[in-house]
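The primary structure of each chain is shown beneath.
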Amino acid sequence: MLHRRADQFLIERIQQIRRGLTGTPLITLANEQCDLVAKLEFCNPTGSSKDRSALWILEQAIGRGEIAHDTTVVESSSGNFALALAFYCRMLGIPFVPVIDPNCNEATETQLRLLCERVEKVCLRDTAGSYLKTRLSRVQELLAELDSAYWPNQYANPDARDAHYRFTAGELIAQAGPLDYLFVGVGTGGTIAGLSHRIKETYPGCVVVAVDAEGSVIFGGPPKKRRIPGIGSSIVPPLCGQALIDHVEIVPETRAVEACAALATTYGLYAGGSTGSTYAAVQDYFAQHPPGPHRPRVAFIAADRGHAYAQTIHDPTWARQLHAQTLQPPGIETLAVN
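Everything quoted here is computed from the prediction, not taken from an experiment.

Undergrad: For this particular structure, what's the right way to read the overall build of the protein?
TA: Secondary structure summary: the protein contains 10 helices and 10 strands in total. Taken over the C-alpha trace, the protein has a radius of gyration of 19 Å; the compact-globule value for 338 residues is 20 Å, and the two agree within 12%. Projected onto the principal axes, the alpha-carbon positions of the protein cover approximately 60 × 50 × 35 Å. The proportion of buried residues among the 338 residues of the protein is 55%. Considering only intrachain contacts with a sequence separation of at least 6, the fraction spanning at least 24 residues in the protein is 70%. For the protein, the exposed surface amounts to about 14,000 Å²; the carbon and sulfur share of it is 53%. For the protein, the separation between the mean place of its 30 positive charges and that of its 34 negative charges on side chains is 2 Å.

Written out as structure tokens, the structure is:
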């Protein structure tokens with residue numbers, strides 16, 4: 001990509017946006033086995049941890065001259081990263097074309113179509129039974145089609161990792177103090193790569209637990225159709241290889257749904273699929289590895305809120321259909337994905 005002189009207006013505008021951000025809260029959750037805290041990343045402006053990487057990637061690309069006022073940003077996303085990019089690109093006056101698929105929640109797609117003049121939606125599943133490879137192929141077609149385009153490439157861009165190293169981890173350390181365990185959901189790998197490095201620099205003994213979805217191939221599991229976006233992947237993202245991971249918890253989608261319900265009824269947290277999966281991993285890990293006499297301090301990343309999942313995870317009918325689907329032989333499909 002040819003670098004141009006950095007657009008001074010965009011630099012000043014994005015610095016204004018950065019100064020207006022105040023970080024996300026940390027809350028304590030009552031737990032019998034550990035001192036449990038949740039970093040509420042769903043309190044970011046667009047409702048997920050993806051704000052961190054979206055804004056920093058744009059900020060760095062603008063500073064390098066890779067994005068100017070006439071550049072179109074193009075990205076593949078199952079929902080949250082697209083939403084974050086759409087928000088910040090709209091504030092900056094930069095065109096953005098998200099490439100989504102049928103697993104994108106209806107509320108998210110509606111919001112994207114409001115914020116973006118063009119939305120590309122692919123419907124062909126890839127060889128892993130997902131849509132990621134199809135989305136990435138469409139991104140490459142768009143990059144060739146557009147006169148001036150920028151691909152953030154959240155799956156491999158080191159700026160995605162650095163955003164969480166600088167901001168998410170920096171806040172967590174300041175808020176939580178010494179940590180014995182950190183649970184992080186994995187999709188593109190940027191969050192856990194950035195968090196794990198800085199947390200282990202500060203607290204070398206902290207056990208970092210990666211949380212993945214059943215059916216994801218990130219940690220070598222067999223590919224399987226997945227219906228909850230935001231966690232897991234049908235490719236192994238390069239950023240995952242940069243993370244410092246001590247243990248991996250694989251969470252079935254039915255468990256994620258149960259955990260979302262538990263977060264709501266127990267703590268009043270209206271959480272999304274990634275958050276539910278990560279909380280389920282905390283429960284499942286300590287059920288198998290009961291802490292000793294030392295009461296550990298445990299943090300988990302609440303990466304997304306539940307509003308986009310009102311018609312899926314938080315819909316009892318949809319949840320029952322998902323459970324029934326898991327009991328049926330392969331090849332029989334009954335669940336409507338909104």
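Next comes the rest of the write-up.
Undergrad: Explain the layout of surface pockets here, please?
TA: Of the voids in this model, the second largest pocket is the one considered here, and its volume is about 200 Å³. Contributing to the lining of the second largest pocket are 13 residues, with Arg90, Ile94, Pro95, Phe96 and Glu117 lying nearest its centre. Ranked by residues supplied to the lining of the second largest pocket, first place goes to helix α3 (residues 80-92) with 3 residues. Considering only residue class, the lining of the second largest pocket consists of 8 nonpolar, 2 polar and 3 charged.

Undergrad: Before we go on, may I ask you to explain the domain arrangement of the protein in this structure?
TA: Size of an interface, as often reported, equals the accessible area lost when the parts are brought together. Each assigned domain of the protein is listed with its residue range as follows: domain 1 (8-49 + 157-319) and domain 2 (50-150). Inter-centroid distance (C-alpha atoms) of domain 1 to domain 2 is 22 Å. Facing 42 residues of domain 1, the contacting portion of domain 2 comprises 38 residues. Of the roughly 3,300 Å² buried at the junction of domain 1 and domain 2 (both faces included), carbon and sulfur atoms supply 57%. When residues of domain 1 are sorted by the area they lose upon contact with domain 2, Leu10, Ile14 and Thr46 head the list and together hold 20% of the total. Remark: the boundary between domain 1 and domain 2 carries 4 salt bridges. Glu171 is the partner of Arg52 in a salt bridge, and the nearest nitrogen-oxygen pair spans 2.8 Å. Its residues assigned to classes, the side of domain 1 that touches domain 2 comprises 14 nonpolar, 15 polar and 13 charged.

Undergrad: Would you take a moment to explain the sheet that holds strand β3 (residues 72-76) for this structure?
TA: The strands making up a sheet associate through backbone hydrogen bonding, with each pair oriented either parallel or antiparallel. What the 4 strands build is an open sheet, ordered β5-β4-β3-β6; its pairing is parallel. Looking at which strands have only one partner, the edges of the open sheet turn out to be β5 (120-121) and β6 (149-150). Sheet analysis places β3 next to strand β4 (residues 96-100), joined by 4 bridges and oriented parallel. Across the sheet, residue Val74 finds its bridge partner in β4, namely Val97. Of the strands in this sheet, β3, β4, β5 and β6 touch helix α5 (residues 132-145), which is tilted by about 160° from β3.

Undergrad: Would you mind going over the packing of aromatic side chains with me for this structure?
TA: Scanning all chains against the criterion turns up 9 aromatic pairs. Ring geometry for Tyr285 versus Phe286: centroids 5.1 Å apart, planes at 85°, classification edge-to-face. Residue classification places Tyr285 among the buried positions, given a relative accessible area of 8%. Residue classification places Phe286 among the buried positions, given a relative accessible area of 2%. Ring pairing ties together the aromatic residues Tyr181, Phe183, Tyr285 and Phe286, which thus form one cluster. One cation-aromatic arrangement involves Arg18 over Phe167; the distance from NZ or CZ to the ring centre is 4.2 Å.

Undergrad: Sorry, what's going on with the packing of helix α2 (residues 50-63) against helix α6 (residues 158-176) here?
TA: The axes of two packed helices give the description: the angle between them and the distance between them. Two numbers describe how α2 lies on α6: the axes approach to 8 Å, and their chain directions differ by 125°. Here α2 is positioned oblique relative to α6, judged by the angle of their axes. The two elements α2 and α6 meet at a crossing, and its hand is right-handed. Every residue of α6 that contacts α2 at Arg52, Ser53, Trp56, Ile57 and Gln60 is listed here: Asp159, Ala160, Asp162, Ala163, His164, Arg166, Phe167, Thr168 and Glu171. In terms of residue class, the contact of α2 with α6 is made up of 5 nonpolar, 4 polar and 5 charged.

What counts, and where the lines are drawn
Residues numbered from 1 in each chain as written. Predicted model: local features only at pLDDT ≥ 70, side-chain atom pairs only at ≥ 80, totals over all residues. Heavy atoms only, no water. Helix = DSSP H or I, 4+ residues; strand = E, 2+ residues; numbered from the N terminus. Rg over C-alpha atoms; globule rule 2.2 N^0.38 Å. Buried < 20%, exposed > 50% of the residue type's maximum accessible area, 1.4 Å probe, protein only. Contact = heavy atoms within 4.5 Å. Areas by Shrake-Rupley, 256 points an atom, 1.4 Å probe, with all protein chains shown as cover. Lys, Arg positive; Asp, Glu negative; His and termini not counted. Charge placed at Lys NZ, Arg CZ, Asp CG, Glu CD. 1 Å grid on protein atoms, 1.4 Å probe; cavity = no way out; pocket = protein on both sides within 12 Å on 5 of 7 lines; lining within 4 Å. Points joined across faces, edges and corners; volume = space filled by probe spheres on them. Nonpolar A, V, L, I, M, F, W, Y, C, P; charged D, E, K, R; others polar. Domains from an automatic or database assignment. Buried area = accessible area lost by both parts, 1.4 Å probe. Salt bridge = Lys/Arg side-chain N within 4 Å of Asp/Glu carboxyl O. Pairing = 2+ DSSP bridges. Axes fitted to C-alpha atoms, helices over the stretch in contact; angles between N-to-C directions. Phe/Tyr/Trp six-rings, centres within 6.5 Å; stacked < 30°, edge-to-face > 60°. Lys NZ or Arg CZ within 6 Å of the ring centre and 35° of its normal. Parallel < 35°, antiparallel > 145°, perpendicular 65-115°, else oblique. Left-handed = near helix turned anticlockwise from the far one by under 90°.

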